[in-house]
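# Chain and residue survey
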Amino acid sequence: MIDRDRLGALLRRERAAFADRNPRSAAEYAKAGHLFGRVPMTWMNKNAAGFPLYLDTARGATLTDVDGHEYTDFCLGDTAAMAGHAPAQVAEAVQERFARGACAMLPTADAAWIGAELTRRFGVSEWSFALTATDANRWAIRLLRAITGRPKILFNSYCYHGSVDESLITINDGIPQSRDGNVGAPCDVTSTSRVAEFNDLEGLARELAHGDVAAVVMEPALTNIGIVLPEPGYLAGVRELTRKYGTYLVNDETHTFSAGPGGATQRWGLQPDVVTIGKAIGGGIPAAAYGLSAQIAQKINERQDLDLIDMGGVGGTLAGNALSIAATRATLEHVLTDEAFARMEALATRFADGVQRVVDAHALPWSVSRLGARVEYRFANPAPRTGTDSAKAADADLEDYLHVYLANRGILLTPFHNMALMSPDTTAQQVDQHETTFGTAISELLQRA
C-alpha cells in the first residue's frame, strides 16, 4: 500500500524541516568533535533526522529542546524516565541525600526498605543492587553459572538484555549466530550461549536437553524488537521445561515493568528464580537490581570458594550507592505506585485504541500491541510472534518518516522502534494529540484527505 517514491520524498521533506527548525541542536552536534560519534553515548546517534535534539529541560511528560521547542515525550528515556522526568519526590530525596553524602561504600537504611518492597512486587526475596540492568544481568549470570557448574545461558532470538555479551545471539534459518553488528565479541557467542525463538517451546526443549544451560534469561514479553507478547501457555511451558532440565529462570523486567507495579512477573503470576530490573526504578537516577530466591541465595552463601566481596566479578564500587538507593526508594514509594500504574495503563489503552482507529480507517495491514503502560505499532498483521519475525517486519524508511514527522509536530517516540510509554504525568490530551498527528502523517503518506 505504500508508494516508496512518495515515502522517500516525504521523508526528505521532513528531514529538511527538522534541520530548519533546530539550528541550535545542529550547531551543538557540529561542534562536538571531541566526542566519539559527536554524542556522549553512541546510541544517541539513533535518530530519524540526521542529528539528535539537544535537551534543555524535561518535566513530567514534557521535554524542551535547546531551540525552545516543546514536546510530548512518549520515549521517556526508553523507559529510564517511566516515572516522568524529574518527579518532585525523587528530586527532593536526591537533593537531600546528596547534601549528606552519596558515595561512601556504606549501606543506608533505605536499601532494606527497597528489598522488602521489591520482594512484595516480584516475589523473589533477596536483593542486590547495580547501576544498570546490564550489570544486574551479568552478575546474576555469573552466580547461576557458579552454583550449577554449567557453562551456557539461553536467550531468545532478538532479545534485549543491555550489552550482556552472551545475549547477542540470534537464529538465522534455524542456525544460531552472533547478532549482526556485534562489536568486538570476546568469543564465538555460540560457545557461551544457546538460543530459542520466543513462543517456541519445542525449540526451547531441544536446547535445554543438552544439559549445559545454567539459566534461561528472558523478558516475559519481547520489547526492544517491538512488543512480542507471549502466547497462551507459553510462559507456563517455559517454567515447566526449566524445572524439568534443572535450569534456573531469570525474568528481566527492565522493560516489562510497564506491565504493572510488579511487572509481568506479578501481573501474570510467574515464578522465576531470579528477577533483574533497571532503568525506571531509579526515577531518572542510574539504578538497577537483581533479586534471588532464598534457595539460590543459600546455595551461593554455602560456596566458600566464591569471592563476593572483592574481585570475584560480581559487584562494583558505585553499585548500591546512597544516592541511587534514595532515588529508588522515592520512586517506588511515591511515584511508580499501584495507583499510578492504573492511570498509566488506562492512558496506554486510550493510546492503543487511537492508533487502531487510524490503522482501521486506512485499512492498513498493521497491528498494535500493548504491555500495560507501553504501546507499539508494527508494520505487520497479525503481530509478529517471534523475535525473528518481528525483525523482518521492520521498515526503516517508514519508521523514520513517522518519527521525524511526529518530532516536527511536537511528539517524541522511542527512537529504536515505534514505542510509546505512559508516565504518571502523561495526559489524555497528549495521547489524543498523538492520534491526530499520526493520522495526518498516514493521510499524507497515502495521499488521502
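To keep things clear, this report deals only with the structure shown in the data block. Quick caveat: nothing in here was measured; it's all calculated off a predicted structure. (Residues numbered from 1 in each chain as written. Predicted model: local features only at pLDDT ≥ 70, side-chain atom pairs only at ≥ 80, totals over all residues. Heavy atoms only, no water.)

## Describing the sheet that holds strand 14 (residues 374-378)
As summarised here, the arrangement of the three strands in space is 13-14-16, forming an open sheet in which the pairing is antiparallel. Single-partner strands in this sheet number two, and they are strand 13 (367-371) and strand 16 (419-421). This sheet shows a mean twist of 20° between the axes of neighbouring strands, independent of strand direction. Taken together, the three bridges between strand 14 and strand 16 define a ladder with antiparallel strand orientation. Each residue of the ladder has a partner; that of Glu-376, found in strand 16, is Met-419. Helix 11 (residues 338-361) rests against strand 13, strand 14 and strand 16 of the sheet, and its axis sits at about 175° to strand 13. (Pairing = 2+ DSSP bridges. Helix = DSSP H or I, 4+ residues; strand = E, 2+ residues; numbered from the N terminus. Axes fitted to C-alpha atoms, helices over the stretch in contact; angles between N-to-C directions. Contact = heavy atoms within 4.5 Å.)

## Details of the sheet that holds strand 11 (residues 274-278)
Strand order in the open sheet formed by seven strands is 4-12-11-10-9-5-8, and the pairing between neighbours is mixed. Every other strand in the sheet has two partners, leaving strand 4 (126-130) and strand 8 (193-196) as the edge strands with one partner each. Between one strand axis and the next, the sheet turns through 20° on average, direction left out of account. Across four bridges, strand 5 (residues 152-156) lies against strand 8 in parallel orientation. Bridge pairing in strand 8 places Asn-156 opposite Ala-196. Here helix 7 (residues 234-244) sits on the sheet in contact with strand 5, strand 9 (213-218) and strand 10 (248-252), set at roughly 165° to strand 9.

## Quick notes on the pairing of strand 3 (residues 70-73)
As judged from the three bridges shared by strand 2 (residues 62-65) and strand 3, these two strands associate in the antiparallel manner. Considered in strand 3, the bridge of Thr-64 is made with Glu-70. Between strand 2 and strand 3, which pair antiparallel in sequence order, lie four residues; one of them, Gly-68, sits at a positive phi of approximately 90°. Judged from the two bridges that link them, strand 3 and strand 15 (residues 411-412) form a sheet pairing that is parallel. Looking at the pairing, Thr-72 lines up with Ile-411 of strand 15.

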